Amino acid sequence: AAALCPCRAVLARRGGALRALCGSVRGLAAGPEAHFGFQNVTEAERREKIYQVFENVAKKYDVMNDSMTLGIHRVWKDILVHKMNPSPGTLLLDVAGGTGDIAFRFINYVRSIRERQLQRKLKHHQNLSWQEIFESYQADKSKSLGDSQVVVCDINKEMLKVGKQKAQHLGYSEGLSWVLGDAEELPFDDDKFDVYTIAFGIRNVTRIDLALQEAYRVLKPGGRFLCLEFSHVSNPLLSRLYDLYSFQVIPVLGEVIAGDWKSYQYLVESIRRFPPQEELKAMIEDAGFFKVDYQNLNSGIVAIHSGFKL
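Per chain, residues are indexed from 1 in the order of the written sequence. Totals for whole chains, interfaces and linings use every residue, but because this is a predicted model, local features are given only for residues with pLDDT of at least 70 and side-chain atom pairs only at 80 or more, for both listing and counting. In computing side-chain values, all of the structure's heavy atoms are included and hydrogens and water are not.

## A look at the sheet that holds strand β9 (residues 302-308)
Here is step 1 of the chain: The criterion for strand pairing is that DSSP finds at least two bridges linking the strands in question. Secondary structure counts use DSSP, requiring at least four H or I residues in a row for a helix and at least two E residues in a row for a strand, with both numbered from the N terminus. Strand order in the open sheet formed by seven strands is β5-β4-β3-β6-β7-β9-β8, and the pairing between neighbours is mixed. The sheet is open, and its two edges are formed by β5 (176-180) and β8 (290-297), each paired on a single side. With direction set aside, neighbouring strand axes in the sheet form an average angle of 15°.
Here is step 2 of the chain: Relative to strand β4 (residues 149-154), strand β3 (residues 91-95) is paired through five bridges, and the arrangement is parallel. By the bridge assignment, Val95 is partnered in β4 with Cys153.
Here is step 3 of the chain: Across the sheet, helix α12 (residues 277-286) is in contact with β7 (219-230), β8 and β9; its angle to β8 comes to roughly 155°. Here the axes come from fitting lines to C-alpha atoms, over the contacting stretch only for helices, and the angles between their N-to-C directions go from 0 to 180 degrees. Contact criterion: two residues are considered in contact whenever any of their non-hydrogen atoms come within 4.5 Å of each other.

## Structural notes on the pairing of β9
Note on strand geometry: in a regular strand, side chains alternate between the two faces of the sheet.
Here is step 1 of the chain: Counting buried residues along β9, six of its seven residues qualify, which places the element largely inside the surrounding structure.
Here is step 2 of the chain: As paired strands, β8 and β9 are joined by six bridges and run antiparallel to one another. Looking at β9, one finds that Phe290 is bridged to Phe308.
Here is step 3 of the chain: Once β8 ends, the chain turns through four residues before running back antiparallel as β9, passing Asn298 with a positive phi of about 50°. Only protein chains enter the accessibility calculation, which uses a 1.4 Å probe; a residue is then buried when its area is under 20% of its type maximum, exposed when over 50%, and partly exposed in between.

## Some remarks on the packing of aromatic side chains
For any pair of aromatic rings, geometry is given as the distance between the ring centres together with the angle between the planes.
Here is step 1 of the chain: Two rings belonging to Phe, Tyr or Trp (six-membered ring only in the last case) form a pair when the distance between their centres is within 6.5 Å. Interplanar angles under 30 degrees mark stacking, angles over 60 mark edge-to-face geometry, and anything in between is tilted. Scanning all chains against the criterion turns up eight aromatic pairs.
Here is step 2 of the chain: Taken together, a centroid distance of 5.2 Å and an interplanar angle of 35° make the contact between Phe225 and Phe289 tilted. Of the two residues, Phe225 sits in strand β7 while Phe289 sits in the loop between α12 and β8, which places them 64 residues apart along the sequence.
Here is step 3 of the chain: Of note, Lys192 hangs over the ring of Phe193, and the distance from its end group to the ring centre comes to 5.9 Å.
Here is step 4 of the chain: Charges are assigned to positions over rings by a cutoff of 6 Å between ring centre and Lys NZ or Arg CZ, combined with an angular limit of 35 degrees from the ring normal. Seen from the ring of Tyr216, Lys309 lies directly overhead, with NZ or CZ sitting 4.9 Å from the centre.

## Describing a nonpolar patch on the surface
Here is step 1 of the chain: Side chains of Leu70, Ile72 and Val75 sit close together on the surface and give an oily, nonpolar patch of about 290 Å² of accessible area.
Here is step 2 of the chain: Looking at where Val75 falls in the secondary structure, it is placed in helix α4 (residues 72-84). In this scheme, patches are assembled from residues that exceed 30% relative accessible area and form no salt bridge. Like charges are connected within 9 Å, while nonpolar side chains (Val, Leu, Ile, Met, Phe, Trp, Tyr) are connected within 5 Å. Per-residue accessibility takes into account occlusion by the displayed protein chains alone, with areas from the Shrake-Rupley method and a 1.4 Å probe. When a carboxyl oxygen of Asp or Glu lies within 4 Å of a side-chain nitrogen of Lys or Arg, that pair is called a salt bridge.

## Re the nonpolar core
Here is step 1 of the chain: The definition of a nonpolar core used throughout is a set of buried Ala, Val, Leu, Ile, Met, Phe, Trp, Tyr and Cys residues joined through side-chain atoms within 4.5 Å. With 33 residues, the main nonpolar core has Trp76, Val150, Leu176, Leu228, Phe230 and Val302 as its most contacted residues.
Here is step 2 of the chain: Listing elements by their share of this core, those giving two or more residues are α4, α5 (101-123), β4, α7 (157-170), β6 (193-199), β7 and β9.
Here is step 3 of the chain: In terms of residue count, α5 provides more of this core than any other element does, eight residues in total.
Here is step 4 of the chain: Among all residues touching Val302, those that are not within four sequence positions of it are Trp76, Phe200, Leu228, Glu229, Phe230, Ser231, Gln295, Asn296 and Leu297.
Here is step 5 of the chain: Counting 27 residues, the second-largest nonpolar core is a separate cluster that includes Ile202, Cys227, Phe289 and Val292.

## Topic: the packing of helix α9 (residues 236-248) against helix α10 (residues 250-258)
Here is step 1 of the chain: Interaxial distance between α9 and α10 falls to 3 Å at its minimum, and their mutual angle equals 30°. The angle between α9 and α10 falls in the class roughly parallel. Taken together, the residues of α10 that come into contact with α9 (itself represented by Tyr245, Ser246, Phe247 and Gln248) are Ile250, Pro251, Val252 and Leu253.
Here is step 2 of the chain: Partitioned by chemical class, the residues of the contact of α9 with α10 number six nonpolar, two polar and no charged. Convention used here: angles under 35 degrees read as roughly parallel, angles over 145 as roughly antiparallel, angles from 65 to 115 as roughly perpendicular, and any remaining angle as oblique. In the scheme used here, Gly and all other residues not listed as nonpolar or charged are polar, with Ala, Val, Leu, Ile, Met, Phe, Trp, Tyr, Cys and Pro taken as nonpolar and Asp, Glu, Lys and Arg as charged.

## Some remarks on helix α3 (residues 61-69)
Here is step 1 of the chain: Burial in α3 covers these residues: Tyr61, Met64, Asn65, Met68 and Thr69. End-on, the buried residues of α3 take up no more than an arc of 110°, which puts them together on one face.
Here is step 2 of the chain: On its buried side, α3 packs onto α2 (43-57), α4, α7, α9, α10 and α11 (261-273). Working note: the arc is built from the helix axis to C-beta atom directions.

## Let's talk about the pattern of salt bridges
Here is step 1 of the chain: Summed over all chains, the structure comprises 14 salt bridges.
Here is step 2 of the chain: Taking the shortest distance from any N to any O, the salt bridge between Arg47 and Glu184 comes out at 2.7 Å. Placement of Arg47 in helix α2 and of Glu184 in the loop between β5 and β6 is noted, with a sequence separation of 137 residues between them.
Here is step 3 of the chain: Judged by its relative accessible area of 35%, Arg47 is partly exposed.
Here is step 4 of the chain: One network of salt bridges, in which partners are shared, links Asp62, Lys77, Asp101 and Lys166.

## As for the side chain of Ser306
Here is step 1 of the chain: With respect to the helices and strands, the residue Ser306 is situated in strand β9.
Here is step 2 of the chain: Relative accessible area serves as the criterion here: at 1%, Ser306 is assigned to the buried category.
Here is step 3 of the chain: For the purposes of these results, a polar contact is taken to be a pair of N or O atoms within 3.5 Å, where, inside protein, one atom must be able to donate a hydrogen and its partner to accept one; residues adjacent in sequence count only when each atom of the pair is a side-chain atom. For Ser306, the side chain forms a polar contact with the side chain of Arg224, separated by 3.0 Å.
Here is step 4 of the chain: Contacts of Ser306, omitting those with residues within four sequence positions, involve Lys83, Arg224, Phe225, Leu226, Lys291, Val292 and Asp293.

And the structure:
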């Protein structure tokens, strides 16, 4: 038929080209593809869906973390801060840290170091009078963080709101500030922070490469990047048990405790879609960091990645 009517063939070819062009335009309009758990969505849709997840779970976030991990997340966060080993004067940026868990631990850690420094200082001044010791102690005590500061940056207003309420309730105010901001486009100057942390947040970033580049940008030369995140389990038997617990138990806990099955189903799926340890290490190196390594905790259920801006 095409041979008998060449104009029809030409029209058909042009129609096919037009349909292909329209399909390409639709693809460009939709934006690059990303994943939301096991679903394929556009990057814009993913950002919107993740924002909604954390807006939904913000008020029950801490309770659910305790329930899902049997409280072990607290130990993981303690290990992260001990690995950081901040000293008085450290300026920390904690990204995706809306509820304040890392910030509060940082403050406690620096305060304990300052207290020990103060005690050692007073021991070396045995010849001072009681009044002089008291005045010196009070003067140093008033600066319990020694100019250390932590800036908590989170893209979600509800998470920041919960964090601020916790800080007020627990009595944290000195050296602590809260900033609404996107990990992929941080609202800070270059070379500003000594340490950058992101705990259980990087897998919810749509463009991990951009978040890593931003982490590198805002760190001072010599600054340290630390990431605590769920990872890939190395033990086959534990991996099977972990999958069973993750998919059969965690969404049920989400429904019972937070009234939200879907959000916790996504959180489980997001862990399985997250790059394994070696792949994330390579991504951190690609962002410009040196001396990149990682420490598996609990057979790789979580891992702490570390790198330096040199």
